[in-house]
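Close look at the chain arrangement
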Amino acid sequence: MTTLEAPKAPMPAVLGPGVDRVDGPLKVTGAAPYPSDIGFPRLAHAVLVRTTIAAGRISVIDTSAAGTAPGVLAVITHLNAPKLARAGRTVLGSEPPPPLQDDRVLHYGQYAAVVVAETLEEATDAARLVHLSYDPGDPLLDLEDPRVVPKSNAFLLDMKRGSVADGLAQAEVRLKATYSTAENTNNPLGPFATVAAWDGDRLTVHDATQWPYNVRNALAAAFRIPKEHVRVLAPYVGGGFGAGLRTWPHVVLAALAARTVERPVKLVLTRPQMFTGVGHRPYSVQHIKLGATLDGRLTAIDHEATTTGAMEDSNLEPITLGTAAAYACPNVATHDKQVRLNIPCPGSMRAPGEAQGNFALECALDELAYELDMDPLELRVRNYAAFQPQTGLAWSSKALRECYEAGAERFGWAARDPRPGSMRDGRSLVGYGMAGVSFQHYQAKCAARATIARDGTAYVRSAATDIGTGTYTVMAQLSAELLGLGMDKVRFQLGDSDMPQAPQAGGSGLTGALGSAVHDACGRLVAAFLDLVRKDPASPLYGCRIEDVVIAGGRILRASDPDRGESYADILARYGLPELTRDGSSGTSKGDIGQLVGSLAVSRLGRLGSFAVKATRATLPAGAFGAKFVEVRVDEDLGVLRIARVVSAIDGGRILNEKTARSQIIGGTVGGIGQALFEETVTDALTGRIANATFGDYLVPVNADVPAMDVLFVGGPDPATPVGTKGIGEIGLTGIAAAVANAVHHATGRRIRSLPITLDKLL
């Protein structure tokens, strides 16, 4: 990243405690245009036909009745679909295979046809008239199937330091346990929708995506057209939780349908189709071995995980990645395996990999604490990693110890009686559980563009998305601070692939990447204004360098004499310019996604920016840390489990908007409660059909399941990014399942090693 000096500025009140969401009024009044709201003249509607076997071939596909049904414009199958190219790999793996390319069936619910008609009702009725016959195969549906051959080091991220065998031999206490986590389905409130329209060889798509640039690239590849000929719009997305990080087959089919009928086409997934069409958190089985001395010092950690994947797919989901960096243990080995089954393609779901891996590791540590007769919190403190244990490098920042201390004090951990089953309230057994958590640093390349117009207002934009996390708001706040403007003078826009390139809204990396790009763009814009006037003898800023000025109220001022300065509007007017624009960018930081080599060191030279960024081996970007404390109540006769309260202490770096940040942690906590107690995608063992693919059967937490929640932010700005932030999208969910399971053991004496923790496991 190019070093850029920018002026100092007083810190406006817009950052920190938080402001209301700038997109809130549009959303609560129903005026925010979600993809399913988009319409075009002569809009046609597409409905999908899915297979009803998990493996085999389609022997006959009869579309005669559907093709002559009222209003039908086209029925597209593998028999008449054009050849579609598969998009290249992304940081998350390859895109799913293109649809309708042959007669093979790889999973139940695979798309076999798409029916396009004048109305949604006509398309739906005609889709029922498409009849499929099969030559069924013998599907692989069970991870334990003897025909399954696991792929070792599936993600090329297995790690090792020291000798686990020696560490276990030296240990005075050893633990060996197996844990499992169920498949979960993302299930955002808004069903995914795509509206596609062609103009010659140019394609415009409105899509429920978390990554417009990725959809643009995938569609350009599929239809073999230049990337610049595809525009993807996603200014509002009705939730995603990771489901919108890949370009799913229905998106390609919407574009194919529009090209076939030469009209705009809308395709909206049904809720059952969401269960088979847009990914899910894969099932995992994990084996952990721990060794420790009698005083609680870890001597060995061996963590092996096996997850499920689809037959011809590549989804990046390392389960054990976080284990290597979690604790100061000299002997560690992590192993990720994957098995290919006849299941729908998995995908990222909030805290992918870490949600499952943390559950196993933190439960194992709790078990070890009981073996040692030691406070589980004390065990973690004794093995605190002051340096990145895999490399020995210093963290850019880490306040996990403070998270332990502040969270324990707020929760009242000291009042815990360590004996299982010893605490009760009437008929309820009371349990306290905790877990330490982290989520790795991730920052992708990102660009932003900032403009100030003649009226003194700013327009900042980037092709990112806001999936409800508050990106619109915090980036407007940040832009206002960096440009010395009020919030009412700043407009921030996103969700358009024609804007400067942005990475996915996922992996807890968007705020850092986009914030750094906005920081750079705004700094360059202020510097450009100063370049216009500093050689102008008529300007009160004549001769000023960037370090000689401050900005406030839409004006550039001499730091030594704030009464002397000029407004942006005055400068533009004097030079006859309608506006001034500059681009900025943030680069990828080394050390991301477990590579653990090199890093960014950042030296802040001024309040707004003057940042020197250089590669070094002195520090390593740390990511977010946290500690979760949970109290549960279990009815001693009925086994009914309720979560009474949760305390989350989070090291999230600089918090740009405490209101939206707190909302992120609370939302993640609710997701963690779902993983711990409710969510399980159930697949029929014989047919591969998902048996609970509706909200009537797939359970998620409701208001009555959500307890009192307390969120504390500790620590300070992280110098690894110019803005000082850390990603907190995933850290809210991570650790909740382990803390709940550990609390259940404390309450009942029962050690539950599989998720979700259902009533039958407590009776």
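Predicted model, so just to flag it, every value in this text is computed and none were measured. (Residues numbered from 1 in each chain as written. Predicted model: local features only at pLDDT ≥ 70, side-chain atom pairs only at ≥ 80, totals over all residues. Heavy atoms only, no water.)

Our next topic: the sheet that holds strand β15 (residues 332-341). Taken together, 5 strands build an open sheet; the order of strands is β7-β15-β14-β13-β8 and the sheet is mixed. What marks the edges here is a single partner per strand, and that holds for β7 (159-161) and β8 (173-181). If you compare each strand with its neighbour and ignore which way they point, the axes differ by 15° on average. Examined bridge by bridge, strand β13 (residues 284-292) and strand β14 (residues 298-310) share 9 bridges and lie antiparallel to one another. When the bridges of β14 are listed, Q286 appears paired with A305. Sitting on the sheet, helix α9 (residues 354-372) is in contact with β8, β13 and β14, with an inclination near 145° to β8. (Pairing = 2+ DSSP bridges. Helix = DSSP H or I, 4+ residues; strand = E, 2+ residues; numbered from the N terminus. Axes fitted to C-alpha atoms, helices over the stretch in contact; angles between N-to-C directions. Contact = heavy atoms within 4.5 Å.)

Within this structure, the stated rule accounts for 12 aromatic pairs. Residues F275 and Y698 carry aromatic rings whose centres are separated by 5.4 Å and whose planes lie at 75° to one another, so their mutual orientation is edge-to-face. Placement of the pair is F275 in helix α7 (residues 271-277) and Y698 in the loop between α15 (658-678) and β31 (708-714), with a sequence separation of 423 residues. On the accessibility criterion, F275 (1% relative accessible area) is buried. On the basis of an interplanar angle of 80° and a centroid distance of 5.6 Å, the ring pair of W395 and F625 is categorised as edge-to-face. Of the two residues, W395 sits in strand β16 (residues 394-395) while F625 sits in strand β29 (residues 624-635), which places them 230 residues apart along the sequence. Assessed through its relative accessible area of 11%, W395 is described here as buried. For F625, a relative accessible area of 3% gives the class buried. Among the aromatic residues, those joined into a ring-pair cluster are F411, W413, Y432 and F629. It is K398 that lies over the ring of Y384; its NZ or CZ is 4.5 Å from the centre. (Phe/Tyr/Trp six-rings, centres within 6.5 Å; stacked < 30°, edge-to-face > 60°. Buried < 20%, exposed > 50% of the residue type's maximum accessible area, 1.4 Å probe, protein only. Lys NZ or Arg CZ within 6 Å of the ring centre and 35° of its normal.)

Counting 70 residues, the largest nonpolar core has L368, V632, V740 and I757 as the members making the most contacts within it. Residues contacting V740, with those up to four places away along its chain left out, are V630, V632, I643, A676, L677 and I757. (Core = buried A, V, L, I, M, F, W, Y, C linked by side-chain atoms within 4.5 Å.)

Assignment of secondary structure puts D466 in the loop between β20 (458-461) and α12 (471-483). No salt bridge is formed by the buried D466; its nearest oppositely charged neighbour, K27, is found at 5.0 Å. Polar contacts involving the side chain of D466 include one to the main-chain amide nitrogen of G468, which spans 2.9 Å. Looking at D466, its side chain comes within polar contact range of the main-chain nitrogen of T469, at 3.1 Å. Non-local contacts of D466, meaning those with residues more than four positions away in its chain, are made with D23, V237, T471, Y472 and L494. (Lys, Arg positive; Asp, Glu negative; His and termini not counted. Salt bridge = Lys/Arg side-chain N within 4 Å of Asp/Glu carboxyl O. Polar contact = N/O pair within 3.5 Å; in protein donor to acceptor, adjacent residues only side chain to side chain.)

To continue, consider the packing of α9 against helix α16 (residues 736-748). One can describe the packing of α9 onto α16 by two numbers: an axis separation of 8 Å at closest approach and a directional angle of 30°. Viewed along their axes, α9 and α16 adopt a mutual orientation that is roughly parallel. As α9 packs across α16, the resulting crossing turns out to be right-handed. Here N358, F359, E362, C363, D366 and Y370 of α9 lie close against α16, whose contacting residues are A737, A738, A741, N742, H745 and H746. Considered class by class, the residues forming the contact of α9 with α16 number 6 nonpolar, 4 polar and 2 charged. (Parallel < 35°, antiparallel > 145°, perpendicular 65-115°, else oblique. Left-handed = near helix turned anticlockwise from the far one by under 90°. Nonpolar A, V, L, I, M, F, W, Y, C, P; charged D, E, K, R; others polar.)

This next bit is on the pattern of salt bridges. Pairing between side chains becomes possible if they bear opposite charge and their charged atoms approach one another. Tallied over the entire structure, the rule returns 37 salt bridges. We note a salt bridge from D20 to K659, for which the minimum N-O separation is 2.6 Å. In this pair, D20 sits in the segment before α1 (24-28) while K659 sits in helix α15, placing the two residues 639 residues apart along the sequence. D20 gets classed as exposed once you look at its relative accessible area, which sits at 55%. Of the charged contacts in the structure, one is a salt bridge between E631 and R645, with a shortest N-O distance of 2.5 Å.

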